[in-house]
Every structure is written in structure tokens, then in C-alpha cells.
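Geometric and topological summary
Here are the chains, one letter per residue:
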Amino acid sequence: MSLSKIEVLGSSSSGCAYVLYFDNGKVYQLDAGVKNPKKELVNKLFISHDHPDHIKYLKDYSKIEIIREQEEERITEQLISFVVPHRVLNNGYLIIEDNSKIGYITDCGD
């Protein structure tokens with residue numbers, strides 16, 4: 001069992017959002033810069049940084065776990081977060097779920 005599908009909702013300066021579907025039924029979203037018509041399926045939302053093209057629809061996700069950027073590395077059994085150089089605090093993630101490892105880095109540099 002592993003990652004079964006990646007859905008790209010948007011990947012541009014207009015808005016970024018990706019949805020990860022796992023065989024075990026979990027659904028994770030990376031960033032919230034594009035409206036997700038299936039947002040009720042999302043179990044966890046990962047936010048890289050607070051630019052509008054990554055958080056425009058963040059308010060739509062008040063009832064689920066939201067992982068947001070922080071200044072130091074976080075390591076758990078299912079997640080490694082780390083700082084990525086950018087104009088604002090920006091995190092990358094290594095997500096470990098259902099025998100899959102997914103890396104997510106966006107907006108590197110200035």
C-alpha cells in the first residue's frame with residue numbers, strides 16, 4: 001500500500017495546491033492557493049509559507065490538522081520539516097505515509 005494519486009490543483013504564481021491520495025484512505029493537501037472542490041476529503045494540510053499564492057484558501061480548512069512553517073527542523077515518525085531559503089519563512093516537507101516518502105519543496109531562493 002502506498003501513494004496512489006497526486007492531483008495538481010495549481011502550480012503557478014496564481015496559486016499552488018496539490019492533493020496526495022494514499023491507498024490507506026488518507027488524503028493530504030500541500031498548500032492552499034487554489035480552491036479544492038473536494039476539501040472535505042482532506043485529512044491534513046501542509047503549508048509551505050505565507051504568500052497569497054500558497055494560502056489564499058487556508059480559511060476553508062479550519063476543521064483539520066494544519067502543519068505550518070516553523071523556524072527549526074521538526075522530525076517525527078511521519079514527517080520531517082526543514083527551512084527552505086526564500087524571502088519569508090518557508091518550509092519543505094518529507095512526508096512518510098503508508099510506505100511512501102514524498103518530498104515537497106517550493107519557492108526556493110529570493
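Every value quoted in this text rests on a predicted model; they were computed, and no experiment measured them. (Residues numbered from 1 in each chain as written. Predicted model: local features only at pLDDT ≥ 70, side-chain atom pairs only at ≥ 80, totals over all residues. Heavy atoms only, no water.)

Counting secondary structure elements, the protein contains 1 helix and 9 strands. Taken against the 2.2 N^0.38 rule, which gives 13 Å for 110 residues, the C-alpha radius of gyration of the protein at 13 Å falls within 12% of a compact globule. Along the three orthogonal principal directions, the C-alpha set of the protein runs to about 40 × 30 × 25 Å. Working note: accessible area of the protein is about 6000 Å², and carbon and sulfur atoms make up 51% of it. (Helix = DSSP H or I, 4+ residues; strand = E, 2+ residues; numbered from the N terminus. Rg over C-alpha atoms; globule rule 2.2 N^0.38 Å. Areas by Shrake-Rupley, 256 points an atom, 1.4 Å probe, with all protein chains shown as cover.)

Turning to the pattern of salt bridges, a few remarks are in order. Per the stated rule, a full pass over the model turns up 5 salt bridges. Among the salt bridges present, the one from K26 reaches E97, with a minimum N-O distance of 3.8 Å. Here E97 lies in strand β8 (residues 91-97) and K26 lies in the loop between β2 (15-22) and β3 (27-30), a separation of 71 residues in the sequence. Taking relative accessible area as the criterion, E97 reaches 4% and is therefore assigned buried. (Salt bridge = Lys/Arg side-chain N within 4 Å of Asp/Glu carboxyl O. Buried < 20%, exposed > 50% of the residue type's maximum accessible area, 1.4 Å probe, protein only.)

Glancing now at the sheet that holds strand β9 (residues 100-104). Taking strand neighbours across the sheet as the criterion, the 4 strands line up as β6-β7-β8-β9 in an open arrangement whose pairing is antiparallel. Lying at the two open borders of the sheet, with one neighbouring strand each, are β6 (74-75) and β9. With 5 bridges joining them, strand β7 (residues 79-83) and β8 adopt antiparallel strand pairing. Bridge assignment links S81 to a residue of β8, and that residue is Y93. (Pairing = 2+ DSSP bridges.)

This part is about the confidence of the model for the protein. Regions with low pLDDT carry predicted coordinates that are not meant to be interpreted in detail. Of the residues in the protein, 99% reach a pLDDT of 70 or more, and the chain-wide mean stands at 94. Summarising per-element confidence for the protein, the mean pLDDT is lowest in β6 (90) and highest in β3 (98). (pLDDT = per-residue confidence, 0-100.)

What follows is about unusual backbone geometry. For D31, which is not a glycine, the phi torsion comes out positive at approximately 65 degrees. Summarising the element assignment, D31 is placed in the loop between β3 and β4 (44-46).

Okay, the packing of aromatic side chains next. Tallied over the full model, the rule gives 4 aromatic pairs. Where Y18 meets Y104, the ring centres are 5.6 Å apart and the plane angle is 65 degrees; that geometry is what we call edge-to-face. Pair noted here: Y18 is in strand β2 and Y104 is in strand β9, with a separation of 86 residues, a long-range link. Looking at Y18, the relative accessible area reads 16%, which means it is buried. Consider the rings of F46 and Y93, whose centres lie 5.3 Å apart with planes at 65 degrees: the pair is edge-to-face. (Phe/Tyr/Trp six-rings, centres within 6.5 Å; stacked < 30°, edge-to-face > 60°.)

This paragraph deals with the nonpolar core. If you look at the biggest cluster of nonpolar residues, it comprises 13 residues, and the most contacted ones within it are L20, Y28, L30, F46, L79, Y93 and I95. Going through the elements one at a time, β2, β3, β8 and β9 are the ones with two or more residues in this core. Tallying contributions element by element places β2 first for this core, with 4 residues. Once residues within four sequence positions are removed from consideration, Y28 is found in contact with Y18, V19, L20, F22, N43, K44, F46, I95 and E97. Listed in part, the 9 residues of the second largest apolar core include V19, Y21, V27 and I47. (Core = buried A, V, L, I, M, F, W, Y, C linked by side-chain atoms within 4.5 Å. Contact = heavy atoms within 4.5 Å.)

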